[in-house]
Amino acid sequence: MNNDLEQKYHFACELAKQAGLIAKGYQNQLLEGNLAIDVKGHQDFVSDADRETEKYIRTQLESAYPQDGFLGEESGATDEYRTGVWVVDPIDGTTNFLRKQSLWCVSIAYLVEGEPVIGVIYDPNLDELFHARKGEGAYLNGKPMEVYQGSEAVVGLVNLGYSPKMPLDNYLSTMQRLLDNGIEHRRHGSAALGLAHVAAGRFDGYREDFINAWDIMAGVVILREAKADVATNQIEGGYTIQASIPAITELLAG
Ligand code: IPD
Ligand code: CA
């Protein structure tokens with residue numbers, strides 16, 4: 001099983017990089033005005049870039065690991081599987097992607113019995129691969145990452161996500177608590193990249209009160225291995241997520 005996981009880990013790292021380059025190719029088409037965009041819902045968009053990138057990832061995984069299951073943002077889930085399940089967001093930060101901005105990424109996780117054990121997040125714009133396997137540490141392009149373990153936040157910068165599925169008051173009160181304690185906030189619009197950036201020490205925390213599995217599973221492994229405090233709760237239709245350096249865990253939770 002361990003060898004198998006090691007092989008899957010390397011496979012996922014390479015796959016995320018290839019998929020990132022495919023998605024980047026679509027963004028280049030977008031810059032030239034050659035990409036159609038569909039509206040899924042309020043502030044929820046999709047394009048061939050998302051669909052085709054996910055199709056590529058799914059085909060590669062199904063051919064390499066036919067016994068594994070798959071859950072993707074665009075193509076849904078396999079009904080039955082015998083081993084673990086791959087949880088994939090082909091482009092996290094789709095709105096940024098479609099608005100010709102650069103904060104978006106590919107996110108691939110592998111779960112065994114519901115627990116994420118491999119997490120890979122690739123930012124093709126900066127050629128940054130955030131990767132971790134349970135028990136083996138977290139890395140950025142092969143270099144180990146660990147979050148600040150001190151008891152006081154030095155700079156104080158948190159990335160927040162907002163979902164219209166939760167009361168606006170939750171979001172506003174988190175923001176207020178942070179500001180009252182001298183901690184600044186950003187909303188970058190890619191949960192997966194936001195989580196990866198906490199692991200890399202670029203933010204002290206990330207919080208979002210309604211989020212889908214494909215947005216967070218890879219980040220959860222990376223953050224746990226980077227020794228961040230990570231809390232996810234399953235709620236109706238999704239999850240809550242909070243991840244941070246230990247010094248601000250209580251404050252961020254409220
Ligand atoms: C969204 C982004 C956003 C987060 C949303 C996600 P998408 O994913 O991660 O930052 O706030 O909850 O749905 O639509 O860009 O793949
Ligand atoms: Ca997403």
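## Description of the side chain of Thr174
Alright, step 1. Structurally, Thr174 can be placed in helix α4 (residues 168–180).
Alright, step 2. Relative accessible area serves as the criterion here: at 3%, Thr174 is assigned to the buried category.
Alright, step 3. Here Asn170 takes part through its backbone oxygen, which lies 2.9 Å from a polar atom of the side chain of Thr174.
Alright, step 4. For Thr174, the contacting residues outside a window of four places in its chain are Leu160, Arg207 and Leu252.

## Some words on the coordination of the calcium ion (ligand 2)
Alright, step 1. Coordination sphere of the calcium ion (ligand 2), protein contribution only: Asp89 (OD), Asp92 (OD) and Asp215 (OD), at 2.0 to 2.3 Å.
Alright, step 2. The sequence motif formed by the donor residues of the calcium ion (ligand 2) is D-x2-D-x122-D. One end of the pair, Asp92, is in strand β5 (residues 85–92); the other, Asp215, is in helix α6 (residues 213–225), with 123 residues separating them in the sequence.

## Some remarks on unusual backbone geometry
Alright, step 1. Here Glu113, not a glycine, exhibits a phi torsion of approximately 50°, which is positive.
Alright, step 2. Mapped onto the elements of the fold, Glu113 is located in the loop between β6 (105–112) and β7 (115–123).
Alright, step 3. Positioned with a positive phi, Asn141 is a non-glycine residue whose angle comes to about 45°.
Alright, step 4. By secondary structure assignment, the location of Asn141 is in the loop between β9 (138–140) and β10 (143–145).

What counts, and at which threshold
- Every chain is numbered on its own, with residues counted from 1 as its sequence reads.
- Starting at A for chains and at 1 for ligands, labels are handed out in the order in which the entities are written.
- Given that the model is predicted, a residue must reach a pLDDT of at least 70 before its local features are reported, and side-chain atom pairs must reach 80 or more before they are shown or counted; all residues, however, enter totals for whole chains, interfaces and linings.
- Only hydrogens and water are removed before side-chain values are computed, so all heavy atoms of the structure are retained for them.
- Labels follow the DSSP assignment, with helices taken as runs of H or I lasting at least four residues and strands as runs of E lasting at least two, numbered in each case from the N terminus.
- Buried means the residue's accessible area, taken with a 1.4 Å probe over protein chains only, is under 20% of the maximum for its type, while exposed means over 50%, and partly exposed covers the values in between.
- Pairing of N or O atoms within 3.5 Å defines a polar contact, subject to two protein rules: one partner must be a possible hydrogen donor and the other a possible acceptor, and residues neighboring in sequence count only if both atoms are side-chain atoms.
- Note on contacts: a residue pair qualifies if any of its non-hydrogen atoms lie within 4.5 Å across the two residues.
- In this description, a donor is an N, O or S atom within 2.8 Å of the metal centre, a cutoff extended to 3.2 Å for sodium, potassium and calcium. Water is not part of the atom list, which can make sites seem incomplete.

Function cannot be inferred from these measures alone, as they are strictly geometric.
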